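The chain contents come next:
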Amino acid sequence: MRLSLHLGLALTLAALLAAGVSLLWTPYDPAALSIAEKLRPPSAAHWFGTDHFGRDIAAMLMAGARTSIAVALVAVGIGMGLGVPLGLLAAARHGGMADEVVMRGNDLIFAFPSLVIAILITAVFGPSAFNAILAIGIFNIPVFARVARGGALSLWTLDFIRAAEVAGKGAVRISAEHILPNISNLLIVQGTIQFSLGILAEAGLSYVGLGAQPPTPSWGRMLAEAQTMVTLAPHVAIFPGLAIVLTVFGLNLLGDGLRDRLDPRLRARA
Amino acid sequence: MTRYLFRRTLSLALSLLAASLVIFLAIEIVPGDPASYMLGLNASPETVAALRDQLGLNAAPPARYLSWVGGMMRGDFGISYTYRVPVADLVAQRLQVSLPLALFALALSALVAFPAGLLAAARRGRATDTAIMGATQLGIALPNFWFAMLLVLVFALHWRIFPAGGFPGWDGGIGAGLAALTLPAIALALPQAAILARVLRSALIETEGQDYIRTARAKGLTRTQTLIRHALRNAMIPVLTILGMQFSFLLAGAIIIENVFYLPGLGRLIFQAITQRDLIVVESVVMILVFAVILVTFLVDLAYALVDPRLRRRA
């Protein structure tokens with residue numbers, strides 16, 4: 001299992017590194033057109049070849065990593081930022097009105113797949129990377145609320161929480177000072193899972209035109225543009241897809257590895 | 001059981017009501033006047049006024065909401081502005097592609113996941129298990145639309161076994177229709193099968209320490225026999241949950257996959273509606289998708305009660 005943790009960490013770091021380095025340096029300008037150089041197969045000059053406008057695919061992949069990671073990361077932030085407090089609230093008021101409202105609200109959002117949320121937002125405001133973030137972020141809220149509530153509920157029955165109650169701490173303080181630190185492992189693991197799902201979702205949304213718009217580089221849109229050229233130059237479709245698969249694969253391995261490392265009780269089960 | 005059914009049906013109705021409100025309000029916040037938004041910049045005031053009248057926009061929002069919901073209950077989803085035909089007809093026509101596609105994919109996914117999950121659980125910790133789990137880990141990471149492009153490249157363009165896209169309709173025979181849906185269904189099914197196989201495996205392994213499994217083994221059943229006769233039934237609750245959730249992913253996924261294969265399904269309809277700002281179509285198709293998800297969740301809840309009699313009494 002250690003192997004998967006290390007492989008996952010390496011792949012995740014590679015994606016982060018590509019995104020980070022692209023801020024300072026890319027092998028070519030990812031937006032520079034050069035029709036004379038179009039659809040070149042991979043070579044020493046262009047590691048992953050060029051697309052139908054002669055743009056360097058390696059450079060576009062590096063810049064696209066930035067979009068994917070930024071969208072997925074902010075969407076996880078939205079999900080955690082709103083979902084975790086709601087989940088903690090529901091657990092603190094277990095069986096009460098607030099719990100009921102949060103859980104029914106969760107069920108309601110669960111009925112809207114992120115693609116459907118994106119369709120609604122886009123129909124009203126038009127497509128953009130920001131709308132993709134919003135759609136994936138909203139989708140993440142009930143996920144984190146559920147994990148936080150589940151983790152918190154089992155803690156509320158324990159003696160040290162009872163002791164804190166007897167000492168006069170309120171539900172908010174107990175949630176913040178005692179519950180949250182004890183469910184942070186759960187949240188980190190869920191965070192890596194939602195991060196990887198976010199990258200897949202962003203690619204899908206951009207692919208159908210609901211996400212990042214030109215000139216913002218994006219893996220999903222590269223694939224949409226590659227679709228008509230897949231017979232002429234398969235490399236145009238293969239590399240962006242591989243970038244997505246390897247990043248998501250890495251994040252999933254990392255999530256599994258972290259879960260095993262952070263929670264030995266789960267190790268037997270997995 | 002009747003009480004359980006009644007409570008679940010009530011909550012189904014409430015969920016639908018809440019979802020319809022959310023969708024209605026989302027479309028309500030379109031900046032400016034929906035009629036001029038739909039017609040674009042060059043519309044004359046008369047056409048805008050005529051469309052406003054046709055859409056019933058002159059009524060107050062609560063009245064419009066009630067007439068929208070009331071209409072849907074009678075099967076009247078309004079008239080598409082761009083196609084000039086009832087939305088219900090459009091949807092019925094497109095569902096002939098999208099629904100068989102989603103069901104085909106669901107069947108394929110179960111067909112792959114059950115043997116894989118059972119095998120991995122039976123060979124737990126050995127090479128077969130490791131290989132299956134590694135494959136599922138990759139399967140989960142696969143974007144279905146990219147996988148679809150690779151399938152087209154290999155099975156439609158290189159080997160010419162299946163069509164690369166388009167849909168001949170069901171009139172030309174079931175065979176041609178199914179052939180057109182095969183690659184899309186595989187692309188949709190495999191990533192979902194990977195998730196399902198993992199859930200099934202861990203649910204099966206979870207049952208391993210239970211007394212009834214030990215009893216079954218003690219009376220002489222082999223490990224595989226116990227898995228299939230006793231563990232599988234008890235592992236069905238998490239598996240059903242995931243199957244239900246997967247249906248909504250399959251519907252959403254089908255919308256994307258239809259784009260790869262140029263299939264005239266709900267997905268194509270909704271994307272055309274977005275670009276043409278046909279809000280009536282968007283609103284109704286989204287409601288139908290959400291209705292499908294809520295209905296499947298409801299059916300899964302009922303299935304729990306069938307699988308696990310204890311849940312019937314508790315509710």
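Note that the coordinates shown come from a computational prediction; the quantities given were computed from them, not determined experimentally.

1. Concerning the overall build of chain B
Broken down by element type, chain B carries 14 helices and 0 strands. Listed by position from the N terminus, the elements making up chain B come as α-α-α-α-α-α-α-α-α-α-α-α-α-α. Taken over the C-alpha atoms alone, chain B extends approximately 80 × 55 × 35 Å along its principal axes. Burial status across chain B gives 48% buried among its 315 residues. For chain B, the accessible area works out to roughly 15100 Å², and carbon and sulfur atoms hold 66% of it. Across chain B, the 26 positively charged side chains and the 16 negatively charged ones have centroids separated by 16 Å.

2. A few points about the overall build of chain A
Along chain A, the regular secondary structure elements total 10 helices and 0 strands. Listing every helix and strand of chain A by position from the N terminus yields α-α-α-α-α-α-α-α-α-α. Once the C-alpha set of chain A is aligned to its principal axes, its extents read approximately 75 × 45 × 30 Å. Looking at chain A alone, contacts between residues at least 24 apart form 68% of all its contacts between residues at least 6 apart. Carbon and sulfur atoms provide 70% of the accessible area of chain A, an area that totals close to 11700 Å². Both charge centroids of chain A, one from 18 positive and one from 15 negative side chains, sit 4 Å from each other.

3. As for the UniProt feature "transmembrane region" (unreviewed entry) in chain B
Mapped onto the present numbering, the UniProt feature "transmembrane region" (unreviewed entry) falls at residues 101-121, 142-162, 174-197, 235-257 and 285-307 of chain B. End-to-end, the C-alpha atoms of residues 174-197 of chain B are 30 Å apart, and along that stretch the chain is 100% helix and 0% strand.

4. Observations concerning the UniProt feature "domain: ABC transmembrane type-1" (unreviewed entry) in chain B
Residues given the UniProt feature "domain: ABC transmembrane type-1" (unreviewed entry) here are residues 95-300 of chain B. A distance of 22 Å separates the end C-alpha atoms of residues 95-300 of chain B, which is 82% helix and 0% strand.

5. Quick notes on the pattern of salt bridges
Residue and element names in this part refer to chain A. According to the stated counting rule, one finds 16 salt bridges over all chains in the structure shown. Residues R104 and D107 are paired through a salt bridge, measuring 3.0 Å at the closest nitrogen-oxygen approach. Of the two residues, R104 and D107 both sit in helix α3 (residues 97-110), 3 residues apart, roughly one turn of that helix. On the accessibility criterion, R104 (46% relative accessible area) is partly exposed. One salt bridge connects D107 with R146, and the closest N-O pair in it is separated by 2.8 Å. Here D107 is found in helix α3, whereas its partner R146 is found in helix α5 (residues 129-156), with 39 residues between them in sequence. For R146, a relative accessible area of 36% gives the class partly exposed. Via salt bridges that share partners, D51, R55, R221 and E225 belong to a single interconnected network.

6. Brief notes about the UniProt feature "transmembrane region" (unreviewed entry) in chain A
Residue and element names in this part refer to chain A. UniProt feature "transmembrane region" (unreviewed entry): in the numbering of this structure it lies at residues 69-92, 108-126 and 232-255. Taken as a whole, residues 69-92 contains 100% helix and 0% strand, while its terminal C-alpha atoms sit 33 Å from one another. Helix makes up 88% of residues 232-255 and strand 0%, with an end-to-end C-alpha separation of 38 Å.

7. Considerations on the packing of aromatic side chains
One pair of aromatic rings is described through two measures. These are the centre distance and the angle between the planes. Residues and elements named next belong to chain B. Taken as a whole and judged by the stated rule, the model has 7 aromatic pairs over all chains. Ring centres of F24 and Y65 lie 5.2 Å apart, and the angle between their planes is 65 degrees; this geometry places the pair in the edge-to-face category. Here F24, found in helix α1 (residues 2-28), pairs with Y65, found in helix α4 (residues 61-73); they are 41 residues apart in sequence, far enough to count as distant. Pair check on accessibility: F24 and Y65 agree, each one buried. Taking 5.4 Å as the distance between ring centres and 75 degrees as the angle between the ring planes, the aromatic pair formed by F167 and W170 counts as edge-to-face. Residue F167 is classed as buried on the basis of its relative accessible area of 18%. For W170, a relative accessible area of 26% corresponds to the partly exposed category. Every member of this aromatic cluster is reached through a ring pair, and the members are F24, Y65 and W68.

Rules of the game
The numbering scheme is per chain: residues are counted from 1 as the chain's sequence reads. A letter from A marks each chain and a number from 1 marks each ligand, given out in the order of writing. Predicted model: local features are reported for residues with pLDDT of at least 70 only, side-chain atom pairs are reported and counted for 80 or more only, and whole-chain, interface and lining totals are derived from all residues. The side-chain quantities take in all heavy atoms of the structure and omit both hydrogens and water. A run of DSSP states H or I qualifies as a helix once it reaches four residues; a run of E qualifies as a strand once it reaches two. Both are numbered from the N-terminal end. Whether a residue is buried, partly exposed or exposed follows from its accessible area with a 1.4 Å probe, protein chains only, as a fraction of its type maximum: under 20%, in between, or over 50%, in that order. Using a 1.4 Å probe, the Shrake-Rupley method yields the accessible areas, and only the shown protein chains count as cover for residues. Note on charges: Lys and Arg go in the positive column, Asp and Glu in the negative column, and His and the chain ends are not counted at all. The location of each charge is read from NZ of Lys, CZ of Arg, CG of Asp or CD of Glu. Throughout, a contact is declared for two residues whenever any of their heavy atoms are within 4.5 Å. UniProt positions are given in the numbering used here, feature names are shortened, and annotations may be inferred rather than shown by experiment. Salt bridges, as used here, are contacts in which a Lys or Arg side-chain nitrogen is within 4 Å of a carboxyl oxygen on Asp or Glu. Geometry of aromatic contacts follows a simple scheme: Phe, Tyr and Trp rings, the Trp one being its six-membered ring, pair when their centres are within 6.5 Å, and the pair is stacked under 30 degrees between planes, edge-to-face over 60, tilted otherwise.

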